[in-house]
Amino acid sequence: MIGFRLPDKSYRMSGLGVFSILLLKILFVDLAAAETIYRILSFAVAGAILLLASFGYAKFTGKESKPKT
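Residues numbered from 1 in each chain as written. Predicted model: local features only at pLDDT ≥ 70, side-chain atom pairs only at ≥ 80, totals over all residues. Heavy atoms only, no water.

Engineer: Help me understand the overall build of the chain, please; the structure alone is not making it clear to me.
Structural biologist: Looking only at helices and strands, one finds three helices and zero strands in the chain. By the burial criterion, 16% of the 69 residues in the chain qualify as buried. (Helix = DSSP H or I, 4+ residues; strand = E, 2+ residues; numbered from the N terminus. Buried < 20%, exposed > 50% of the residue type's maximum accessible area, 1.4 Å probe, protein only.)

Engineer: Looking at this structure, how should I read the packing of aromatic side chains?
Structural biologist: The description of an aromatic ring pair uses the distance of the two centres, along with the angle that the planes make with each other. A full pass over the atoms with the stated rule returns one aromatic pair. Centroid distance Phe28 to Phe43: 5.7 Å. Interplanar angle 65 degrees. Geometry classified as edge-to-face. Of this pair, Phe28 sits in helix 2 (residues 9-30) while Phe43 sits in helix 3 (residues 36-61); the two residues are 15 residues apart in sequence, bridging distant segments of the chain. (Phe/Tyr/Trp six-rings, centres within 6.5 Å; stacked < 30°, edge-to-face > 60°.)

Engineer: Would you take a moment to explain the confidence of the model for the chain for this structure?
Structural biologist: Reading predicted coordinates in detail is not appropriate for stretches of low pLDDT. Mean pLDDT over the chain: 79, with 81% of residues reaching 70 or higher. Of all helices and strands in the chain, the one with the weakest mean pLDDT is helix 1 (residues 2-5) (68), whereas helix 3 scores best (84). (pLDDT = per-residue confidence, 0-100.)

Engineer: Looking at this structure, I do not really get the nonpolar core. What am I missing?
Structural biologist: Considering soluble globular proteins, one finds that nonpolar side chains tend to be buried as a cluster. The biggest cluster of nonpolar side chains holds five residues, and these are Leu23, Leu27, Leu31, Ala34 and Ala46. Not counting residues within four places of it along the chain, the set of residues in contact with Leu27 comprises Ser42, Phe43 and Ala46. (Core = buried A, V, L, I, M, F, W, Y, C linked by side-chain atoms within 4.5 Å. Contact = heavy atoms within 4.5 Å.)

Engineer: Please explain the environment of Leu31 as it appears in this structure.
Structural biologist: Here Leu31 lies in the loop between helix 2 and helix 3. When the C-alpha atoms of Leu31 and Ser42 are compared, they prove to be 8.5 Å apart, with 11 residues separating the residues in sequence. Once you skip the residues sitting within four places of it in the chain, Leu31 turns out to touch Ile26, Arg39 and Ser42.

Engineer: In this structure, what is going on with a nonpolar patch on the surface? I would like to understand it.
Structural biologist: On the surface, Leu24, Phe28, Val29 and Phe43 cluster together to form a nonpolar patch covering roughly 410 Å² of accessible area. The greatest single-element share of the nonpolar patch, amounting to three residues, is contributed by helix 2. On the basis of relative accessible area, Phe28 is assigned to the exposed category, the value being 52%. (Patch = residues over 30% accessible without salt bridge, like charges linked within 9 Å, V, L, I, M, F, W, Y side chains within 5 Å. Areas by Shrake-Rupley, 256 points an atom, 1.4 Å probe, with all protein chains shown as cover. Salt bridge = Lys/Arg side-chain N within 4 Å of Asp/Glu carboxyl O.)

Engineer: I tried to follow the pattern of salt bridges on my own but got confused; where do I start?
Structural biologist: A pair can form between side chains of opposite charge whenever their charged atoms are brought close. Considering all chains together, one arrives at one salt bridge under this definition. Here Lys25 makes a salt bridge to Asp30, at a shortest N to O gap of 3.0 Å. According to the relative accessible area criterion, Lys25 is partly exposed, its value standing at 41%. Asp30 gets classed as partly exposed once you look at its relative accessible area, which sits at 44%.

In structure tokens form, the structure reads like this:
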């Protein structure tokens, strides 16, 4: 979240990279022995979190797509 407030793009990219690595580690390492239903739910929640992160990135960086009229 700090990377979105700072003007340097490298902080945002670093934060998103760490966030991605953390999410992949949780999904593939920590849930390797979990039951199938928990893995399915985890992937669905991870997808929702990634969608929220992409909307947040677009909002805070001002790259929100606007409809052409």
